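# Structural features, examined
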Amino acid sequence: MNNKEFERLLLTVQKPGRYSGGEINSVIKDKNKVDIRFAFCFPDTYEIGMSHLGMKILYSQFNAREDIWCERVFAPWLDFEEVMREYNIPLFALESRDPIKDFDFIGFTLQYEMSYTNVLNMLDLANVPLKSADRKDLSPLVVAGGPCVCNAEPLADFIDIFFLGEGEEVDLEVIDLYKKHKALGSTKTEFLREAAQIEGVYVPSLYDVTYNDDGTVKAVTPKGNAPTVIKKRIIKDLNTCHYPENFVVPFIQIVHDRAVQEIFRGCIRGCRFCQAGFIYRPVREKSAEVINRQAKCLCENTGYDEISISSLSSSDYTELEPLLNEMLDWTQQNHISLALPSLRIDNFSEELLEKISHIRKSGLTFAPEAGTQRLRDVINKNVTEEEILSTCKIAFAGGHTSVKLYFMMGLPTETDEDLKGIADLGQKIVDMYYAMPNRPKGKSVSVSLSVAVFVPKPFTPFQFEPQISKEEMERKQAFLKSCITTRKIDLSMHDSSTSFLEGAFARGDRRLGAVLEAAFKKGCKFDSWSECFDLEKWNEAFNECNLDPDFYSQRLRAYDEINPWDHLDYAVSKGFLVREHKTALNEKTTPNCREKCSACGANCYGEGVCFEKR
Amino acid sequence: MRNVRIFYEKKGRMKFVSHLDMNRFMSRLIAKSKIPVWFTEGFNQHAYMNFAVPLSLGYVGLYEVVDIKITDDGYSLEKLVDDLNAVSTPDIHFVKASESVMHTKEIAFAEFNLSFDCIDAKMVNDFFAQQSIITKKKTKKGGIKDIDIAPLIKKAELNGNELTLILTAGNENNLNPSLVMTAFYDFCGTKPDFYDVTRTMIYDKNLNQFA
C-alpha cells in the first residue's frame, strides 16, 4: 500500500494521530545503515503506551546506538484494526511504517495481565505466527520484559525470550549476541541456547514443566545447560545509567502528557500486597544533582510545561528537600509546573512550604488501603488514621473541600468490621469538616471512597493467599454500601469481573497459554477496557481447555507447593515471603528497609539501601 | 512588546494534527526555541498565541498564520524564523515573520485545492452552475439545518483532477470544503471518493492576500 492510500485510510478513523508518527524527537534512521531493527510494542493504545517511562528510556538508549533502530508500535484501536484487516495492512512501526514482521526483534512490555490478549492480537496483525515453536527462523524474535515477566508462564508458548528485571543492560547484551549469531547464520535454537546463559534471560522453551495429579506444578526442568534458576537483573548505579535527554512528544493528548524524571527505583516500605514493592528491590537512588540536571535537560528539549518526579514513594527520597528547592527555582522561572504526586509535606521547612504553595494544587488523595488499623498492620501499610485526619484538617483549612481515599476489598483476614471501618473513616472526615470553625464558608465537603478488589500477586507475602470469590465480593460490596449513611460520601466500587481474570493469570501456569489463545480467537482484546471485556467468552475459553480459573486464584497455597514462578529469582527469597506472611497473620508490622533490614535477600547485588549507613 | 505575525506551512504527517493539538504543539515549540515570547499574566500563564483560521484535521496548509507577542523589540524576525525552524519538524516549516498588517477579523475567503483520483468534469460544472445548493449542516448545538452554500462559493475551477475553490472563511459563514464535497456527492448520488485537500491561501474581502 502506498503512502497516499494509507494516509487517506487514516483519515477515516478516530484520532489518526495515534498512527501517523512523525512526532517531534521520534527517531528516523536509514534502514540500510542499521544492523538491528527493534519493534518496541506496548500492548495497549497509543495514549497509554506513550505515557510509559520504561519505553522512553529503552527507546532512547537503543537509538543512541548507531547500529540499532528502535521504533514504537501500539495496539491499534478497534476502528483502525478493522481498517487494517480489511485492507491487509500488516502491523507497522510508527517511524518507518514498515511491517514489523521483517524486524529482528519484536519486543513487548508486559505491564499488566489484562494486556495479554493484545500481545497475541498484535502478533496476529503483524502476520507473525503466535507460537514460538511455529516461528522457525532466527528472526523475528519475540521478546518481552516488564513486571509481569515475574510470572509470565501464561505467555510461555508465545514468547522466545523473557528479560527479568531492569532491561538497560541485559537487552543490549542479547542484541549483541543476536548480531553475532545473525552474522554466523545460526539457527534460532543455537542462538536461544547461548542467550539463556546470560543472567536475566529466561528462554521458556528450554524448560519442561510437569504437573501433579492435583494440577499443581511437580517440577520445572531445564533442558541442556540452561540455568535451573534465572535471576533478575538490576542497574547498580542509576547515576551513570542511561536516561533520555529527550522524549518523543506526542501531538495528541496522552494520559501523562508531561516530562517525567525518575528519582529512585524500588521502595523501602514493603506493603505486603504490593508487587512493585518487592520485585524492584533493592532501593537505589539517583543523586539530587543528577536528577536536577536530567530534568532540566528534558524540559529544554521537549518544551513541556509540566514535569513530574517519579518513584514508588517520593516522600522517601533522602535528598528530597534540597532537590525540590533546586527544581522549584528553575521550573518557576520558566513557567514549568512541577508535579509532586502524593508527597507527605509534614516535615518540610517553612521556606520550602512557601515555595510549594505556589504550585497549582491537585486533588487531595490518600491510600489507606484498609479501613482499620488492625488490617493496615496486616498489610504493613503505615498510614494511620491520625495522619489522615490531621492532613485533611490542614487541607480543609487551606480551602480544600474534597478528598479521595483508595481502599482494597478482599484483603487477607478481612472481616465486616474492617469494611465498616472504611465507611467510618469517611464519616470521621465528614464530621471533622463540620466541626471546624475555619472550614471554607458555605461549601459542602465531598469524600470519595474508591474500593478495588485485591488480587494476590507473585513475589509478595500474599502470594499464598486465596483471592475472594465473586459471591463474597458481591456480599461485601452490598454490606459496605449499607454502611454509608450520608450523601457527602461517594462510594465507588466498579464492576470487578476483570479482577478475577487478573487473579488467575497473575498466578497462572503454562497451561493458561491455551486459554489465552482460545479467548483471543473468540475475539477477546483490550480486556482492561470495560467496553471490550467479555467475561462470557473467557468462561467459554476456560471450559474448552478444561481449566478452572479458581484453581489459580482462589486456593490457599501451601508454603512447600512449587509455584509456576519459583524458578525465577527476584532477589526476595521464598523464606522471607513465608516469614512475612506469618507476621501478617499475626497482625504485626515489619519495619521499613531504612529502619531495619528484614533479610529479604536483595542485598545480593551489593548495592542500594541495604548498604546505607543506619 | 511587539506583535509578530508568523507564516508557516503544515504538511506531511502534520496534517493528522488537529487544531487543538496544534495549539499545544506550537506552545512547546516556542518554549524550545527560547524566543522571548510574552506570557499571559492570568491564573494560567501561557505563551500568548492566536491562530488566524483553524485548519481542519487532514488538510495541508501552505499559508498558515499564528500571531504571538515578543518582549524584546529588537529581536530580529529572520532570527525568530530560524530559531523556530531549528526546533521544528520538517512538516511544520516556518516561512516568514512580519509585523501584522491586517486584523484577523478581516479574513473573508480561503482558497483550497482538492485533488481527486478521478472526477466527472461535466458533473462538476453542472453542480457549481446551480443557483442554489442546499445541503445539511450540523449546528454547534448538535442539530442539523439546511443551508444554501452557493452564495458562499466565490470560485470553483476544475483543471484535470484538481479542483480549486475559493470559499468564505472567518468567524462568520466559514465554509469547509468537505461540506461542498458532501453536497456534490449528494448531487451525483455516489459515495464520497477519497480526495486530498490543501489550503493554499487566505484573503480579505477584496481577495488581497492576508498580511
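Please refer to the structure higher up on the page.
Just so we're clear, the structure is a prediction, and the values are computed from it rather than from any experiment.

## Comments concerning the overall build of chain B
Secondary structure summary: chain B contains four helices and ten strands in total. Along the chain direction, N to C, the helices and strands of chain B fall in the order β-α-β-β-α-β-β-α-β-β-β-β-α-β. The C-alpha extent of chain B, read off along each of the three principal axes, is 55 × 35 × 30 Å. Taken across its 211 residues, chain B has 27% of its residues classed as buried.

## Here's the deal with the overall build of chain A
The secondary structure content of chain A amounts to 21 helices and 19 strands. The C-alpha radius of gyration computed for chain A amounts to 25 Å, which stays within 12% of the reference 25 Å derived for 614 residues, consistent with globular compactness. With the C-alpha coordinates aligned to their principal axes, the bounding extent of chain A is approximately 75 × 65 × 55 Å. Taking all 614 residues of chain A together, the buried fraction comes to 47%. Partitioning the contacts of chain A with sequence separation of at least 6, the portion at a separation of at least 24 is 76%.

## So, the sheet that holds strand β14 (residues 337-339) of chain A
All names here are of chain A. Spatial strand order, β10-β13-β14: three strands in an open sheet with parallel pairing. In this open sheet, the two strands that pair with only one neighbour each are β10 (259-262) and β14. Shown here is a sheet whose adjacent strand axes are inclined to one another by a mean of 25°, direction ignored. Packed onto the sheet, helix α10 (residues 288-302) meets β10 and β13 (306-310) and runs at close to 165° relative to β10.

## So, the sheet that holds strand β6 (residues 201-202) of chain A
Residue and element names in this part refer to chain A. On the basis of which strands lie adjacent, the open sheet formed by six strands has the order β2-β1-β3-β4-β5-β6 and mixed pairing. The open sheet has two edge strands, β2 (68-74) and β6, and neither has a second partner. As paired strands, strand β1 (residues 36-42) and β2 are joined by seven bridges and run parallel to one another. What sits directly across from Phe-42, in β2, is Phe-74. The strands touched by helix α7 (residues 167-184) within the sheet are β1, β2, β4 (141-145), β5 (161-163) and β6, with β5 carrying the most contacts at an inclination of about 150°.

## Focus on the interface of chain B and chain A
Every contact between the two is made by 17 residues of chain B and, on the other side, 17 residues of chain A. Looking at side-chain class alone, the side of chain B that touches chain A contains eight nonpolar, four polar and five charged residues.

## Here we look at helix α1 (residues 19-33) of chain B
Residue and element names in this part refer to chain B. Between its first and last C-alpha, α1 extends 21 Å over 15 residues, near the 21 Å set by a 1.5 Å rise per residue. Among the residues of α1, those classed as buried are Met-22, Arg-24, Phe-25, Met-26, Ser-27, Leu-29, Ile-30, Ala-31 and Lys-32. Here the buried face of α1 lies against β2 (49-51), β3 (60-70) and α2 (77-87).

## Observations concerning the pairing of strand β9 (residues 162-168) of chain B
Residues and elements named next belong to chain B. When strand β5 (residues 109-116) meets β9, the two strands line up antiparallel, connected through seven bridges. Its bridge partner lying in β9, Ala-110 is registered against Leu-167. Two strands pair when backbone bridges link them, and strand β8 (residues 153-159) and β9 are joined in this way by six bridges, in the antiparallel orientation. Each bridged residue has a counterpart across the sheet, and for Lys-155 the counterpart in β9 is Ile-166. Here β8 hands over to β9 after two residues, with Gly-160 in that stretch at a positive phi of 65°.

## A word on the packing of helix α6 (residues 116-125) of chain A against helix α18 (residues 512-521) of chain A
Residue and element names in this part refer to chain A. α18 packs onto α6 with a crossing angle of 65° between their chain directions and a minimal axis gap of 10 Å. In terms of axis orientation, α6 runs roughly perpendicular to α18. As α6 runs across α18, the sense of the crossing is right-handed. The segment α6 lies against α18, with Tyr-116, Thr-117, Leu-120 and Asn-121 engaging Leu-516, Glu-517, Ala-519 and Phe-520.

So, how was this worked out
Residues numbered from 1 in each chain as written. Chains lettered and ligands numbered in written order. Predicted model: local features only at pLDDT ≥ 70, side-chain atom pairs only at ≥ 80, totals over all residues. Helix = DSSP H or I, 4+ residues; strand = E, 2+ residues; numbered from the N terminus. Buried ≥ 20, exposed ≤ 12 C-beta atoms within 10 Å, placed from the backbone. Rg over C-alpha atoms; globule rule 2.2 N^0.38 Å. Contact = placed C-beta atoms within 7 Å. Pairing = 2+ DSSP bridges. Axes fitted to C-alpha atoms, helices over the stretch in contact; angles between N-to-C directions. Nonpolar A, V, L, I, M, F, W, Y, C, P; charged D, E, K, R; others polar. Expected span 1.5 Å × (residues − 1). Parallel < 35°, antiparallel > 145°, perpendicular 65-115°, else oblique. Left-handed = near helix turned anticlockwise from the far one by under 90°.

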